Amino acid sequence: MPSGPFYGFNRAPATLQEGVVANWWRQGMMGGAKAHYDCIKAFSETDFTEDLKAITVPTLVMHGTDDQIVPIGASARLSAPLLRNAQTKIYDGLGHGLCTINPDVVNPDLLAFIRS
């Protein structure tokens, strides 16, 4: 059973959630290797600066400080200031899959944003 960094299962005190890992594997198996590679290449090499500046609707940027897949300094801390109506929520110690692994923390903030 994988226990890698995507959901932070490689960090203590994380508890491996077999259902989450199985679903992650299922999602990965639904695509081809070339498509996965091309997707990662495209979103990691594309400059979205002008796209972010053009967004005018209220936007919630949520990011964990222990994201081992997309580091906060290379994403949320750069993108949020480019958004005109952004609110930023930084979650200390949470990782990349925070919406899946930490819904009890994230969902109240998401609901408050939607209601605002």
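For the structure, see preceding data.
Report on the accompanying structure.

Calculation notes
- Residues numbered from 1 in each chain as written.
- Predicted model: local features only at pLDDT ≥ 70, side-chain atom pairs only at ≥ 80, totals over all residues.
- Heavy atoms only, no water.
- Helix = DSSP H or I, 4+ residues; strand = E, 2+ residues; numbered from the N terminus.
- Polar contact = N/O pair within 3.5 Å; in protein donor to acceptor, adjacent residues only side chain to side chain.
- Contact = heavy atoms within 4.5 Å.
- 1 Å grid on protein atoms, 1.4 Å probe; cavity = no way out; pocket = protein on both sides within 12 Å on 5 of 7 lines; lining within 4 Å.
- Points joined across faces, edges and corners; volume = space filled by probe spheres on them.

### With respect to the side chain of T59
Among the structural elements, T59 can be located in strand 1 (residues 59-64). Among the polar contacts made by the side chain of T59, one reaches the main-chain carbonyl oxygen of V57 at a distance of 2.9 Å. Apart from residues no more than four positions distant in its own chain, T59 is found in contact with L83, N85, A86, Q87 and F113.

### Re the layout of surface pockets
Reported here for the largest pocket is a volume of approximately 540 Å³. Lining the largest pocket are 19 residues, with F43, S44, V70, A74 and S75 sitting closest to its centre. The leading source of residues in the lining of the largest pocket is helix 2 (residues 33-45), at five residues. The volume enclosed by the second largest pocket comes to roughly 240 Å³.

### Observations regarding the environment of R84
By secondary structure assignment, the location of R84 is in the loop between helix 4 (76-79) and strand 2 (86-91). Between the C-alpha atom of R84 and that of T56, which follows or precedes it by 28 residues, the distance is 5.8 Å. In this structure R84 touches K53, I55 and T56, once residues within four positions along its chain are discounted. Side-chain polar atoms of R84 contact the backbone oxygen of K53, separated by 3.2 Å.

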